[in-house]
Amino acid sequence: AQSVTQLDSHVSVSEGTPVLLRCNYSSSYSPSLFWYVQHPNKGLQLLLKYTSAATLVKGINGFEAEFKKSETSFHLTKPSAHMSDAAEYFCVVSDPPYSGYALNFGKGTSLLVTP
Amino acid sequence: IAGITQAPTSQILAAGRRMTLRCTQDMRHNAMYWYRQDLGLGLRLIHYSNTAGTTGKGEVPDGYSVSRANTDDFPLTLASAVPSQTSVYFCASSDSAFKAAGYTFGSGTRLTVV
């Protein structure tokens, strides 16, 4: 099965500084990759998705991610962090067809934004 | 408003009791999924359904069962709850089981088994 590894369980940045959340994936197929965000006690919101079109994917709230096949990476970035960005972020890959393209989640990265 | 409705929002359940978590979508999506979320583990797939009448096992199916009698409903049943099933449960749907289309998630059910 495909899988993802989020390299940092916690990331802390100052407001106004860049955000980098790292994600590596393993896949025997052409993967579809996603980043989801979950604010405290809330549901999951799709930030962006890669589905074999442009390798640089722009999402909501100023986030973007670049698909790098040679590095098997799909890191999430934002030029300038805002206090409202503090949340849990999940890198996600779609599973092979035998499981109905269910999503395979990483364990999450908790982003803390300090004033 | 189109989307997924999960019920109940939260529940405290005695160990050994039977419980059904409800999930209903109004988007006519073919594929539906149940995940559980546990701290430090992300979301893990319990069961899925590619289309009405079919179901499959995910990563952590033991102790859970599902049915898909129609397109809209995908209930998750705990036959005899155990404390390790304490978790937040999310139902999700997708308009196709054959490509990584957009997914919609419900708001979750927080279940505590005591």
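The structure displayed is predicted, hence computed values, not measured ones.

## Describing the nonpolar core
All names here are of chain A.
Then comes step 1: If you look at the biggest cluster of nonpolar residues, it comprises 26 residues, and the most contacted ones within it are Trp35, Leu48, Phe74, Leu76 and Tyr89.
Then comes step 2: Broken down by element, this core gets its largest block of residues, 4 residues, from strand S10 (residues 87-94).
Then comes step 3: Not counting residues within four places of it along the chain, the set of residues in contact with Phe74 comprises Cys23, Leu33, Phe34, Trp35, Leu48, Tyr50, Ala65, Glu66, Phe67 and Cys91.

## Some words on the state of the cysteines
Then comes step 1: Taken as a whole and judged by the stated rule, the model has 2 disulfides over all chains.
Then comes step 2: Between the sulfur atoms of Cys23 of chain A and its disulfide partner Cys91 of chain A the distance amounts to 2.0 Å. On the sign convention where negative means left-handed, the S-S torsion of about -70 degrees between Cys23 of chain A and Cys91 of chain A marks this disulfide as left-handed. Here Cys23 of chain A, found in strand S4 (residues 23-26), pairs with Cys91 of chain A, found in strand S10; they are 68 residues apart in sequence, far enough to count as distant. Grouping residues by exposure puts Cys23 of chain A and Cys91 of chain A together as buried.
Then comes step 3: Between the sulfur of Cys23 of chain B and that of Cys91 of chain B lies a disulfide, 1.9 Å long from S to S. Taking the sign of the S-S torsion, about -70 degrees here, the bridge from Cys23 of chain B to Cys91 of chain B comes out left-handed. Of this pair, Cys23 of chain B sits in strand S3 (residues 19-25) while Cys91 of chain B sits in strand S9 (residues 87-94), placing them 68 residues apart in sequence. Residue Cys23 of chain B shares its accessibility class with Cys91 of chain B, and that shared class is buried.

## Some points on the environment of Leu46 of chain A
Residues and elements named next belong to chain A.
Then comes step 1: The residue Leu46 is located in strand S6 (residues 44-50) in this model.
Then comes step 2: C-alpha separation for the pair Leu46 and Ile60, spaced 14 residues apart in sequence, amounts to 8.4 Å.
Then comes step 3: Look past the residues within four positions of Leu46 in its chain and what remains in contact with it is Phe34, Trp35, Tyr36 and Ile60.

## Here's the deal with the sheet that holds strand S8 (residues 76-78) of chain B
Strand pairing within a sheet occurs via backbone hydrogen bonds; the two strands may be parallel or antiparallel.
Residue and element names in this part refer to chain B.
Then comes step 1: Reading across from one edge, S1-S3-S8-S7 is the order of the 4 strands in this open sheet, with antiparallel pairing throughout. Lying at the two open borders of the sheet, with one neighbouring strand each, are strand S1 (4-7) and strand S7 (64-66). Each strand axis lies, on average, 15 degrees off the axis of its neighbour in the sheet, ignoring direction.
Then comes step 2: Bridge analysis of S7 against S8 gives 3 bridges, and the strand direction is antiparallel. Bridge pairing in S8 links Ser65 to Thr77.

## Considering the packing of aromatic side chains
Within a pair of aromatic rings, the relevant descriptors are the distance that separates the centres and the angle that separates the planes.
Then comes step 1: In this structure the tally under the stated criterion is 15 aromatic pairs over all chains.
Then comes step 2: Between the aromatic rings of Tyr36 of chain A and Phe105 of chain A, the centroid separation amounts to 6.1 Å while the plane-to-plane angle is 40 degrees, which identifies the pairing as tilted. Here the residue Tyr36 of chain A occupies a position in strand S5 (residues 33-38), and Phe105 of chain A occupies one in strand S11 (residues 103-105), the gap between them amounting to 69 residues.
Then comes step 3: When the ring of Tyr33 of chain B is compared with that of Tyr103 of chain B, the centres are 5.7 Å apart and the planes differ by 50 degrees; the resulting orientation is tilted. Here Tyr33 of chain B is found in strand S4 (residues 31-38), whereas its partner Tyr103 of chain B is found in strand S10 (residues 103-105), with 70 residues between them in sequence.
Then comes step 4: Accessibility expressed as a relative area gives 0% for Tyr33 of chain B, which makes it buried.
Then comes step 5: On the basis of relative accessible area, Tyr103 of chain B is assigned to the buried category, the value being 8%.
Then comes step 6: The aromatic ring of Phe74 of chain B is capped on one face by Arg68 of chain B, whose charged end is 6.0 Å from the ring centroid.

What counts as what
Residues numbered from 1 in each chain as written. Chains lettered and ligands numbered in written order. Predicted model: local features only at pLDDT ≥ 70, side-chain atom pairs only at ≥ 80, totals over all residues. Heavy atoms only, no water. Core = buried A, V, L, I, M, F, W, Y, C linked by side-chain atoms within 4.5 Å. Buried < 20%, exposed > 50% of the residue type's maximum accessible area, 1.4 Å probe, protein only. Helix = DSSP H or I, 4+ residues; strand = E, 2+ residues; numbered from the N terminus. Contact = heavy atoms within 4.5 Å. Disulfide = S-S within 2.5 Å. Pairing = 2+ DSSP bridges. Axes fitted to C-alpha atoms, helices over the stretch in contact; angles between N-to-C directions. Phe/Tyr/Trp six-rings, centres within 6.5 Å; stacked < 30°, edge-to-face > 60°. Lys NZ or Arg CZ within 6 Å of the ring centre and 35° of its normal.

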